Amino acid sequence: MEDKPPAAIGENGWVYMVLATGPSGDGGAAREPSFLLQRADATGAPAAPAAVVSSADLPAAVAALEEPSLRWVWEGTRRSYLPLLRAGTTVERCHDLSLTRELLVLSQYAADTGYIRALRADSGRRPAEQPHRDDEQDQFTLFDQQPPSATIGAVLQELQDQLAAVAGSPRRERLQLLVAAESAGALVAAEMERAGLPWRRDVHEEILTRLLGPRPRPGQRPARLDSLARELYRLLGVPAFNPDSPQELLRALHRADIEVRSTRSWELREHRHPAIGPLLEYKKLARLASANGWEWLESWAGEGRFRTEYVVGGVVTGRWASRGGGGLQIPQQVRDAARADEGHRLVVADASQLEPRILAALARDDALAAAARGRDLYQGIADVGFGGDRAKAKVAMLGAMYGATTGESGRLVPQLARTYPRALATVERAARAGEAGEVVSSHLGRGCPEPSPAWRRAQLSATAEEQRRADAAARSRGRFTRNFIVQSTAAEWALCWLAEVRRRLRASAASGTFIGELVFFLHDEVVLHVRQDQADAACALVAEAAADATRLMFGRIPVEFPVSIAAVDSYAEAK
DNA sequence: CGTGTCAGCGCG
DNA sequence: AAAGCGCGCTGACACG
């Protein structure tokens, strides 16, 4: 069944080059740190004497050793690779020890080795997260990212242990691909952080001024918000209050006989009162001013590029998180400020309805695959079972993947189950497993976390009230695991896509045609900044990479994963 | 004074 | 139209 061609980013036969901190570390010495470069074979066994290189010489040494069949091995990609990038050195592939460790500790596909058992025993005792160090360090200390005690021997040993845990896996191909894709993603993340999303300060400022008025003095409310606030006082018939305070706002609404339980926009929208319109506008604009206003612009995008730190594997499902600037939450309101440079274009591509297509592939649901054959999966579903009502079909599908139980969404799910029993059975099975305290897995073997000891204890509780709460917690975990199998596999598809886009961009550059670079990634969407005369080539490349991702993940299956691709000047023009 | 939590809302 | 998954960030607010 799995007659896949060799997995381009997950295949065998690599040699490794370990980059570790050198022997200088005697603790706080003022000496320039040095580094060890140790070649190792496909099992991680050392294959040559280690070379010692100074920090200043490292980028050149890495560039000189780089070759197509080599994976660079380091503890953390961002810390090791960003300084190399700043020096103009890139590498084709790597093996990120830290990311691989996090994958293996939760993966049901990892071989049952001593290393894996020790990791799991340790993760029970380990505090959840090491505190994040703000890096205002210089280049030298940025290189110095290994744990102080990690000798080259220990790093080599862990590499061997990780490779053995993958090689001995009952699903070796899948796990290999997952490990390779995760590390490839880490390279992309560092490169995108360095590149940044092209950002026009003047365009952003024009948007802010148009919507909010001129930039206010620090601590002052923008003019437009100020006038909306005064209008609210008048319409609600209450003296001045702070609309930014949920408590004060709630009290003001109640005094005007608007009986809301919260100040959420969706609840406000259900009421008819002259103040509701201006209040919703106030909330929208206040959000813009605080989250993506002038201060945000100066802090994160002032120099012509928006830069955020991507946290690879930062979400349990394998999605990326971000740190700084709300990197993955750029609102539509300001996306027009993301503009291609002169002589360039942005190529914006997103995978259409990725998650339901992933579900079709996971469940081998031929009926759902058939509905997915067209460009618009939801319309395909609607035409079969929902009288052509696309909105209903979409709500039903999302409800099935999220575990909706009430409302219209919950009501429509059974209708979906009649047409796509295999797909629904797949998410139901994941939900039941989660409720029972079991773990579930993505297609390539990313495991979801175990329930906490407190969760397990609560399931055995005695009193009726405790039992009720435990049942609610069980259902909550069921919704999590139900969604996990879909979201995590979708994240894997996107990671393979991203890695293939990068591989093709590099191959093209190596053969003399520089097309452009990846500059942004958002779960199921990529943005490239490309030379204007290469825009068509870039679009084709992105489409081919999507086909590669599907083949890498699932081999030959009847499910299509179309991507919509546009070459534009402004990010706002796309979709 | 700083730190942690909550409400709310942005993104997928 | 509804409130089901995953995140990060802000201002308000409570607390030490």
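The model shown is predicted, which means the values in this text are computed figures rather than measured ones.

1. Let's talk about the nonpolar core
Here's step 1: With 141 residues, the main nonpolar core has Leu 197, Trp 199, Trp 320, Ile 381, Trp 493 and Trp 497 as its most contacted residues.
Here's step 2: At twelve residues, helix H21 (residues 464–510) tops the list of elements feeding residues into this core.

2. A look at the protein's contact with DNA strand B
Here's step 1: In the vicinity of DNA strand B lie 19 residues, with Thr 263, Ser 265, Arg 287, Gln 329 and Asp 524 positioned nearest.
Here's step 2: Between Thr 263 and DNA strand B, the recorded distance is 2.6 Å, taken from a side-chain N or O atom to a phosphate oxygen.
Here's step 3: Interatomic distance of 2.9 Å between a side-chain N/O atom of Arg 287 and a base oxygen of DNA strand B.
Here's step 4: The element contributing the most residues to the surface near DNA strand B is helix H12 (residues 276–292), with three residues.
Here's step 5: When grouped by side-chain class, the residues that make up the surface near DNA strand B number four nonpolar, seven polar and eight charged.

3. Observations regarding the packing of helix H7 (residues 172–195) against H21
Here's step 1: In contact at an axis separation of 9 Å, H7 and H21 are set at 60° when each is read in the N-to-C sense. With respect to H21, the element H7 is oriented oblique. For the element pair H7 and H21, the recorded crossing hand is left-handed. Where H7 abuts H21, its residues Leu 177, Leu 178, Ala 181, Glu 182, Ala 184, Gly 185, Leu 187, Val 188 and Glu 191 lie against Glu 492, Leu 495, Cys 496, Leu 498, Ala 499, Arg 502 and Arg 506.
Here's step 2: Residues of the contact of H7 with H21, tallied by class, amount to ten nonpolar, one polar and five charged.

4. Things to note about the UniProt feature "domain: DNA-directed DNA polymerase family A palm" (unreviewed entry) in chain A
Here's step 1: Mapped onto the present numbering, the UniProt feature "domain: DNA-directed DNA polymerase family A palm" (unreviewed entry) falls on residues 331–534.
Here's step 2: End-to-end, the C-alpha atoms of residues 331–534 are 28 Å apart, and along that stretch the chain is 59% helix and 10% strand.

5. As for the protein's contact with DNA strand C
Here's step 1: Neighbouring DNA strand C are 29 residues, the closest being Ser 245, Gly 324, Gln 329, Thr 406 and Gly 407.
Here's step 2: Near the protein, meaning within 4 Å, the atoms of DNA strand C are sugar or phosphate in a fraction of 75%, with bases accounting for the rest.
Here's step 3: Here Asn 242 contributes a side-chain N or O atom positioned 2.9 Å from a phosphate oxygen of DNA strand C.
Here's step 4: In this structure, Ser 245 approaches DNA strand C through a side-chain N or O atom, which is 2.5 Å from a phosphate oxygen.

6. Observations regarding the sheet that holds strand E12 (residues 525–531)
Here's step 1: Strand order in the open sheet formed by four strands is E11-E12-E10-E13, with antiparallel pairing between adjacent strands. Both edges of this open sheet fall to strand E11 (516–521) and strand E13 (563–568), since each of them pairs with a single strand only. Neighbour-to-neighbour, the strand axes of the sheet open up by a mean angle of 20°, direction not taken into account.
Here's step 2: As paired elements, strand E10 (residues 344–351) and E12 share seven bridges and run antiparallel to each other.

7. Looking at the domain arrangement of chain A
Here's step 1: The domains assigned to chain A are domain 1 (15–195), domain 2 (201–300), domain 3 (330–354 + 492–573) and domain 4 (366–481).
Here's step 2: Once you take the C-alpha centre of each, domain 2 and domain 4 turn out to be 37 Å apart.

8. Things to note about unusual backbone geometry
In terms of backbone geometry, most residues other than glycine have negative phi values and most peptide bonds are trans.
Here's step 1: In this structure, Asp 257 is a non-glycine residue whose phi angle is positive, near 60°.
Here's step 2: As for its placement among the helices and strands, Asp 257 is situated in the loop between helix H10 (246–255) and helix H11 (265–268).
Here's step 3: Even without being glycine, Gln 353 reaches a positive phi, approximately 45°.
Here's step 4: Counting through the fold element by element, Gln 353 comes out in the loop between E10 and helix H14 (354–363).

9. Quick look at the pattern of salt bridges
Note that side chains of opposite charge can pair when their charged atoms are close.
Here's step 1: One pass over the structure, following the stated rule, counts 33 salt bridges.
Here's step 2: For the salt bridge of Arg 482 with Glu 428, the shortest nitrogen-to-oxygen distance reads 3.0 Å. With Arg 482 in helix H21 and Glu 428 in helix H19 (residues 421–435), this residue pair connects regions lying 54 residues apart in the sequence.
Here's step 3: Exposure remark for Arg 482: the relative accessible area of 8% places this residue in the buried category.
Here's step 4: Residues joined by salt bridges that share partners form a network here, namely Arg 78, Glu 193, Glu 309 and Arg 323.

10. Overview of the sheet that holds strand E4 (residues 70–74)
Here's step 1: Read across the sheet, five strands follow the order E3-E2-E1-E4-E5 without closing on themselves; strand pairing throughout is mixed. Looking at the sheet topology across the chains shown, the edges are occupied by strand E3 (51–54) and strand E5 (94–96). Going from strand to strand, the sheet's axes swing by 25° on average, the running direction of each strand aside.
Here's step 2: Strand direction decides the pairing type here: strand E1 (residues 15–21) and E4, joined by four bridges, are parallel. Bridged to Tyr 16 within E4 is Arg 71.
Here's step 3: Along the sheet face, helix H2 (residues 77–86) touches E1, E4 and E5 and points at about 115° away from the line of E4.
Here's step 4: The strands that H7 touches are E4 and E5; relative to E5, the one it contacts most, it runs at about 100°.

11. Section: the packing of H14 against H21
For any two helices packed against each other, the geometry comes down to the angle between their axes and how far apart the axes lie.
Here's step 1: For the pair H14 and H21, the least separation of the axes is 9 Å and the interaxial angle reads 105°. Comparing the axis directions of H14 and H21 gives the class roughly perpendicular. Seen from H14, the contacting residues are Leu 354, Glu 355, Ile 358, Leu 359 and Leu 362; seen from H21, they are Asn 483, Ile 485, Val 486, Gln 487, Thr 489, Ala 490 and Trp 493.
Here's step 2: Residues of the contact of H14 with H21, tallied by class, amount to eight nonpolar, three polar and one charged.

12. Comments concerning H10
Here's step 1: Of the residues making up H10, those classed as buried are Leu 249, Ala 252 and Leu 253. For H10, the buried positions fall inside an angular range of 100° around the axis, keeping them on one side. The exposed set on the far side of H10, more than 90 degrees from its buried face, consists of Gln 247, Arg 251 and Arg 255.
Here's step 2: Contacts made by the buried residues of H10 are with helix H9 (223–236), H11 and H12.

13. With respect to the pairing of E12
Here's step 1: Among the seven residues in E12, six count as buried, and that is most of the element.
Here's step 2: Both E11 and E12 contribute to a ladder of five bridges, which runs antiparallel. Bridging from a neighbouring strand, Phe 521 pairs with Val 526 of E12.
Here's step 3: Between the end of E11 and the start of E12, which pair antiparallel, lie three residues, with His 523 showing a positive phi angle near 65°.

Cut-offs and rules
Residues numbered from 1 in each chain as written. Chains lettered and ligands numbered in written order. Predicted model: local features only at pLDDT ≥ 70, side-chain atom pairs only at ≥ 80, totals over all residues. Heavy atoms only, no water. Core = buried A, V, L, I, M, F, W, Y, C linked by side-chain atoms within 4.5 Å. Buried < 20%, exposed > 50% of the residue type's maximum accessible area, 1.4 Å probe, protein only. Helix = DSSP H or I, 4+ residues; strand = E, 2+ residues; numbered from the N terminus. Near = heavy atom within 4 Å. Polar contact = N/O pair within 3.5 Å; in protein donor to acceptor, adjacent residues only side chain to side chain. Nonpolar A, V, L, I, M, F, W, Y, C, P; charged D, E, K, R; others polar. Axes fitted to C-alpha atoms, helices over the stretch in contact; angles between N-to-C directions. Parallel < 35°, antiparallel > 145°, perpendicular 65-115°, else oblique. Left-handed = near helix turned anticlockwise from the far one by under 90°. Contact = heavy atoms within 4.5 Å. UniProt positions renumbered as here; feature names shortened; annotations may be inferred. Pairing = 2+ DSSP bridges. Domains from an automatic or database assignment. Salt bridge = Lys/Arg side-chain N within 4 Å of Asp/Glu carboxyl O. Arc of directions from axis to C-beta.

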